[in-house]
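Single-letter residue listing:
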Amino acid sequence: MEKEIKQTKLLMENLSVKYLGLSLKSPLIVSSSRLTSSVENLIEAEKNGAGAVVLKSLFEEQINYHVNSIKSPSGFPEADDYVASYTRSHSVDEYLGLIRSAKKAINIPVIASINCYSSEGWIDFAGKMAEAGADALEVNVFFMPVDKKVSPADSEKSYFDLIEKLKGSIRIPVAVKTGFRFSNILYVADQFYMRGVEGIVMFNRFYEPDIDINKLEIVSAPVFSQANEMRYVLRSVAMVSSQDTKIDISASTGVHNGSDAIKYLLAGASTVQVCSVLYEKGMPYLNTMNHQIKAWMAEKNFKSIDEFRGKLNWKNYQKPVVFERTQFMKYFSSVD
Ligand SMILES: Cc1cc2nc3c(=O)[nH]c(=O)nc-3n(C[C@H](O)[C@H](O)[C@H](O)COP(=O)(O)O)c2cc1C
């Protein structure tokens with residue numbers, strides 16, 4: 001009986017949120033990865049309570065790789081061009097097919113994802129994705145500065161120029177997924193907003209090199225995140241969400257259970273993306289996480305996500321200084 005009452009009470013908690021103008025039944029989004037590259041997986045995601053899915057990115061690199069690997073050795077440049085263009089449109093066609101099938105198979109929002117380095121490539125693909133029915137587009141951008149003469153301001157301008165072009169060419173909402181290595185993330189988010197971007201995904205978790213000291217080689221650092229990596233993101237979410245801009249935040253990195261998701265929501269994220277933990281525990285774990293969020297809401301007496309979203313951000317927390325300071329004497333002395 002007690003269990004029944006508890007269950008009924010949990011059903012009263014409403015997890016619905018708005019993100020990029022779309023209505024989601026849960027703030028949990030399955031983030032872009034192989035987990036979202038097949039219709040079967042997307043159906044599983046919906047069945048297990050995902051609020052939305054971000055499809056695996058279409059990588060410009062990936063397309064170029066295919067093009068180069070099957071380049072005709074004919075010595076006829078026209079033939080090479082034909083193969084290159086065929087392969088390119090073929091990869092794109094497959095992706096557009098995935099969007100169309102996803103839209104037929106599931107009812108939750110389908111967010112397409114694109115990862116490009118040239119502005120011309122982007123614009124082409126983006127328009128086609130919108131036509132294929134994507135509800136929104138997540139644009140995965142990060143330029144690694146490799147030239148000491150390029151200032152941070154010039155570096156950042158590349159993002160803004162790209163976004164301007166993109167926003168000028170498509171109507172569906174756009175979220176920019178980027179990294180956290182900016183001198184001033186508040187400025188960057190503001191500039192995105194000024195250019196009409198509806199959302200910012202904070203943040204992508206990039207490939208990082210590691211060193212194998214036995215082989216004396218550069219290897220890849222772990223592909224999957226740890227929960228403690230949230231520490232690199234939480235402050236930025238709390239600070240960006242406290243601005244008077246209307247840009248939605250989707251928090252990504254280190255969400256391994258319902259409590260982690262709640263932390264990002266309290267910091268002001270509209271949605272929370274989940275990836276590594278679903279590789280480790282499977283899609284049904286989404287259900288567990290939704291349940292954990294509901295159980296916490298029931299305990300704290302929150303009926304909707306909006307009742308607590310941003311409650312502990314930079315503006316709303318009674319001691320905002322905790323977000324501003326990075327070098328607390330007390331913090332370090334606690335372990336001295
Ligand atoms: C195997 C794998 C593949 C990924 N592929 C993509 C991708 O295609 N596009 C993208 O934007 N992010 C990609 N990501 C990054 C994830 O979407 C996510 O932002 C990142 O893993 C951080 O979230 P997590 O801590 O929940 O794993 C990938 C991550 C993993 C582990």
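Residues numbered from 1 in each chain as written. Predicted model: local features only at pLDDT ≥ 70, side-chain atom pairs only at ≥ 80, totals over all residues. Heavy atoms only, no water.

**Concerning the packing of helix H9 (residues 258-267) against helix H11 (residues 285-300)**
1) Next: Direction vectors running N to C along H9 and H11 enclose 60 degrees, while the axes themselves pass 8 Å from each other. Classified by the interaxial angle, the pair formed by H9 and H11 is oblique. When you trace H9 past H11, the crossing you get is right-handed. Between H9 and H11, the contacting residues are Gly258, Ala261, Ile262 and Leu266 on the first element and Met289, Gln292, Ile293 and Trp296 on the second.
2) Next: Residue classes in the contact of H9 with H11 are distributed as six nonpolar, two polar and no charged. (Axes fitted to C-alpha atoms, helices over the stretch in contact; angles between N-to-C directions. Helix = DSSP H or I, 4+ residues; strand = E, 2+ residues; numbered from the N terminus. Parallel < 35°, antiparallel > 145°, perpendicular 65-115°, else oblique. Left-handed = near helix turned anticlockwise from the far one by under 90°. Contact = heavy atoms within 4.5 Å. Nonpolar A, V, L, I, M, F, W, Y, C, P; charged D, E, K, R; others polar.)

**A word on the pairing of strand S12 (residues 248-252)**
1) Next: Of all five residues in S12, five are buried; the element is thus mostly enclosed.
2) Next: The side-chain alternation of S12 yields two buried faces, one formed by Asp248, Ser250 and Ser252 and the other by Ile249 and Ala251.
3) Next: Of the pairings in the sheet, the one linking strand S9 (residues 199-202) to S12 comprises four bridges and is parallel in character. Residue Met202 lies in a different strand from S12, and its bridge partner there is Ala251.
4) Next: Both S12 and strand S13 (residues 271-274) contribute to a ladder of three bridges, which runs parallel. Bridge assignment links Ser252 to a residue of S13, and that residue is Gln273.
5) Next: For the handedness criterion, the β-α-β arrangement of S12, H9 and S13 is classed as right-handed. (Buried < 20%, exposed > 50% of the residue type's maximum accessible area, 1.4 Å probe, protein only. Pairing = 2+ DSSP bridges. Right-handed = clockwise from strand over helix to strand, strands pointing away.)

**Looking at the packing of aromatic side chains**
Each aromatic ring pair is summarised here by two numbers: the centre-to-centre distance and the angle between the ring planes.
1) Next: Here the structure, examined in full by the defined rule, presents 11 aromatic pairs.
2) Next: Geometrically, the ring pair formed by Phe143 and Tyr159 is edge-to-face, given 5.0 Å between the ring centres and 65 degrees between the ring planes. Of this pair, Phe143 sits in the loop between strand S7 (136-140) and helix H6 (152-169) while Tyr159 sits in helix H6; the two residues are 16 residues apart in sequence, bridging distant segments of the chain.
3) Next: A ring pair is formed by Phe224 and Tyr279, whose centres lie 5.0 Å apart and whose planes are at 45 degrees; its orientation type is tilted. Taken as a pair, Phe224 in the loop between strand S11 (217-220) and helix H8 (234-240) and Tyr279 in helix H10 (residues 276-281) lie far apart in primary sequence, 55 residues in all.
4) Next: Phe224 gets classed as partly exposed once you look at its relative accessible area, which sits at 32%.
5) Next: A residue is classified by how much of its surface remains accessible, and Tyr279, at 26% relative accessible area, is partly exposed. (Phe/Tyr/Trp six-rings, centres within 6.5 Å; stacked < 30°, edge-to-face > 60°.)

**Quick notes on the pattern of salt bridges**
1) Next: In the structure shown here, the tally under the stated rule is nine salt bridges.
2) Next: Two residues, Glu138 and Lys177, come together in a salt bridge whose shortest N-O distance is 4.0 Å. Here Lys177 lies in strand S8 (residues 174-178) and Glu138 lies in strand S7, a separation of 39 residues in the sequence. This pair shows no difference in class: Glu138 is buried, exactly as Lys177 is.
3) Next: The partner of Glu164 in a salt bridge is Arg195, with the nearest N and O atoms 2.7 Å apart. Highlighted residues: Glu164 in helix H6 and Arg195 in the loop between helix H7 (185-194) and S9, separated in sequence by 31 residues. (Salt bridge = Lys/Arg side-chain N within 4 Å of Asp/Glu carboxyl O.)

**Side note on the site of the ligand**
1) Next: Taken together, 20 residues sit near the ligand, with Ser32, Ser57, Asn140, Ser225 and Ser276 positioned nearest.
2) Next: Here Cys275 contributes a backbone N or O atom positioned 2.9 Å from an oxygen atom of the ligand.
3) Next: In this structure, Ser276 approaches the ligand through a side-chain N or O atom, which is 2.6 Å from an oxygen atom.
4) Next: Here the ligand has 600 Å² of accessible area as a free molecule, and 90% of this is covered by the chains. (Near = heavy atom within 4 Å. Polar contact = N/O pair within 3.5 Å; in protein donor to acceptor, adjacent residues only side chain to side chain. Areas by Shrake-Rupley, 256 points an atom, 1.4 Å probe, with all protein chains shown as cover.)

**Describing the nonpolar core**
1) Next: Ranked by internal contacts, the top residues of the largest apolar core, which has 95 residues, are Met129, Leu137 and Phe192.
2) Next: Ignoring sequence-local partners within four residues, the contact set of Phe192 consists of Tyr159, Phe160, Ile163, Val176, Thr178, Val197, Ile200 and Ile247. (Core = buried A, V, L, I, M, F, W, Y, C linked by side-chain atoms within 4.5 Å.)

**Points about the packing of H6 against H7**
1) Next: Running from amino to carboxyl end, H6 crosses H7 at an angle of 20 degrees, the nearest separation of the two axes being 10 Å. Classified by the interaxial angle, the pair formed by H6 and H7 is roughly parallel. As H6 packs across H7, the resulting crossing turns out to be right-handed. Every residue of H7 that contacts H6 at Glu156, Tyr159, Phe160 and Ile163 is listed here: Tyr187, Val188, Gln191 and Phe192.
2) Next: Here the contact of H6 with H7 is composed, by residue class, of six nonpolar, one polar and one charged.

**Brief notes about the side chain of Ser236**
1) Next: Within the secondary structure layout, Ser236 lies in helix H8.
2) Next: On the basis of relative accessible area, Ser236 is assigned to the buried category, the value being 13%.
3) Next: The residues touching Ser236, leaving out its near neighbours within four places in the chain, are Ile185, Met202 and Phe203.

**Details of H6**
1) Next: With 18 residues, H6 ought to run about 26 Å at 1.5 Å a step, and its terminal C-alpha atoms sit 27 Å apart, in line with that.
2) Next: Along H6, the positions that sit buried rather than exposed are Ser155, Glu156, Tyr159, Phe160, Leu162, Ile163, Leu166 and Lys167. Looking straight down H6, one finds its buried side chains confined to an arc of 160 degrees; they lie on one side. In H6, the exposed residues that point more than 90 degrees away from the buried face are Ala153 and Gly168. (Expected span 1.5 Å × (residues − 1). Arc of directions from axis to C-beta.)

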